[in-house]
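Commentary on secondary and tertiary structure
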Amino acid sequence: MVEQLEYNIDIAVIGGGPAGISAAINTHLRGKSVTIFTNSYKSSPLYKAKKVENYPGLPDISGAKLLDGMYDHLKSMKITAIKAQVLSIADMGEGFYISAGSEFQSAKAVILATGVVQTSFYPGESELLGHGISYCATCDGMLYKGKRVALIGLTGDALEEANQLHDIGCDVTFISPSIKPDKLKPGIKVLKGSKFEFKGEKKLKALIIDGVEHEFDGVFITRASVAPDLLLPGLDIKDGFIQVDKKMQTNIAGVFAAGDCTGKPNQILKATGQGQIAAFSATAYIDEREQA
C-alpha cells in the first residue's frame, strides 16, 4: 500500500451545471465523498431557458424546473454544495488543494465542469493579477481597508461583493456594463463603463474606464468563473477547451473534465453523460492508487 495523505474529500467537482451535478451524484453512488463548488445556478443561461425540448422523458420542461430538480436530487442525497468561486487548484502530487472564496479544501481527485469560460482578459489584467487586481473580495478585501477600490461587476453577486467591501471600510466605486446598482449601500459611488484597461508595471496604478483614467488602490472583478488554465497551470487547453480522452481524463493525473468546457456540442445530454464517465473514472483512479 502506498502511504496516503489525509484529504478532506475524495473528489472535488468544480461547477454546478448538469455535468457537475451528474458527476457529483455518480461519485456519491460509487461510495466516495464529494463536494461540488458552484456559483448560484439561478444565474446560469440554462436556468433562464423557457423550454428544453430534447431532454428524454421531460418534454418542454423549462431550464429553471430542470435545474431545480437536479439540485433537489443533490439535496436528497445530502451532497455538500459550496457556493463559492474556485480561485485556484494546486497539484500536490498525491492530491489537490482547492482555494474557494476564503475557504480551502483538499481532495484526492478533481472533476472540472466549469462550462464555457471567458478566456480573454482586459488589457493589463493578467499582468497585474495579485498586484492590485483580485477576483475575491472575501479573500483580499481587508488588504484595502480605508483605501480606494473599484469593483467591476460581471455577475449577479457583484452588488453583494461591493456592499461587503464597503462594510469592512473600503472606499468603493461600483462599475458594471449591465447590472443595475439598485441594491448598493449608501456611500458607494457608481460609474458607468464597459471598456476597461489596467495601468501599472509591478503594481496597479490606475483603471482606465472608457478611455478615462481613474486612480484606485485596488480593483476587484467578479466573473462567473476563472479560466481552467488559470485555475490549474499546465492544463492542456486547445481552442479554449480542456483536452480529455475517452475516460474524461486530462493531461494531469487525477484531474478529469466534463461538459461544455471540453468542447461542442453544448448539450445537456452530453454534459450529464460526460459527468457520469468522469465520476466513474475519478473513483477508479482513487481506488487504483489506494490499492497500489
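What you see is a predicted model; the values in this text were computed from it and never measured.

**Things to note about the environment of Lys83**
Tracing the sequence through the fold places Lys83 in strand S3 (residues 80-83). With residues up to four places along the chain from it excluded, the contact list for Lys83 reads Thr38, Asn39 and Ser40.

**Topic: the packing of helix H1 (residues 18-29) against helix H7 (residues 268-291)**
To characterise two packed helices, one gives the angle between the axes of the helices and the distance between these axes. The interhelical angle for the contact between H1 and H7, taken along N-to-C directions, is 35°, at an axis separation of 7 Å. The interaxial crossing formed by H1 with H7 has right-handed handedness. For the pair H1 and H7, the contacting residues are Pro18, Ala19, Ser22, Ala23, Asn26 and Thr27 in the first and Ile268, Ala271, Thr272, Gly275, Gln276, Ala279, Phe280 and Thr283 in the second. Its residues assigned to classes, the contact of H1 with H7 shows seven nonpolar, seven polar and no charged.

**Re the packing of aromatic side chains**
According to the stated counting rule, one finds six aromatic pairs in the structure shown. A centroid spacing of 5.3 Å and a plane angle of 75° characterise the contact between Tyr122 and Phe196, whose relative ring orientation is edge-to-face. Placement of Tyr122 in the loop between strand S6 (103-112) and helix H3 (125-128) and of Phe196 in strand S11 (residues 196-200) is noted, with a sequence separation of 74 residues between them. A residue is classified by how much of its surface remains accessible, and Tyr122, at 16% relative accessible area, is buried. Residues Tyr122 and Phe198 carry aromatic rings whose centres are separated by 6.5 Å and whose planes lie at 55° to one another, so their mutual orientation is tilted. Taken together, the residues Tyr122 in the loop between S6 and H3 and Phe198 in strand S11 connect sequence positions 76 residues apart. Take Phe198: its relative accessible area is 5%, and that puts it in the buried class. Every member of this aromatic cluster is reached through a ring pair, and the members are Tyr41, Tyr47 and Tyr71.

Rules used throughout
- Positions within a chain are numbered from 1, following the residues in the order the chain's sequence is written.
- Given that the model is predicted, a residue must reach a pLDDT of at least 70 before its local features are reported, and side-chain atom pairs must reach 80 or more before they are shown or counted; all residues, however, enter totals for whole chains, interfaces and linings.
- Only heavy atoms go into the side-chain values, all of them from the structure, while hydrogens and water stay out.
- Runs of E in the DSSP output that reach at least two residues are strands. Runs of H or I that reach at least four are helices, and both are numbered from the N terminus.
- Between two residues, a contact is recorded if the distance between any of their heavy atoms is within 4.5 Å.
- Lines fitted to C-alpha atoms define the axes, with helix axes restricted to the stretch in contact, and inter-axis angles between N-to-C directions lie between 0 and 180 degrees.
- The sense of a crossing depends on the near helix, which, turned anticlockwise from the far helix by less than a right angle, makes the crossing left-handed and, turned clockwise, makes it right-handed.
- Lys, Arg, Asp and Glu make up the charged group, whereas Ala, Val, Leu, Ile, Met, Phe, Trp, Tyr, Cys and Pro make up the nonpolar group; the residues left over, Gly among them, are polar.
- A pair of aromatic rings is counted whenever rings of Phe, Tyr or Trp (Trp by its six-membered ring) have centres within 6.5 Å, and the orientation is called stacked for planes under 30 degrees apart, edge-to-face for over 60 and tilted otherwise.
- Classification of residues uses two cut-offs on accessible area relative to the type maximum, computed with a 1.4 Å probe and protein chains only: under 20% is buried, over 50% is exposed, and between them is partly exposed.

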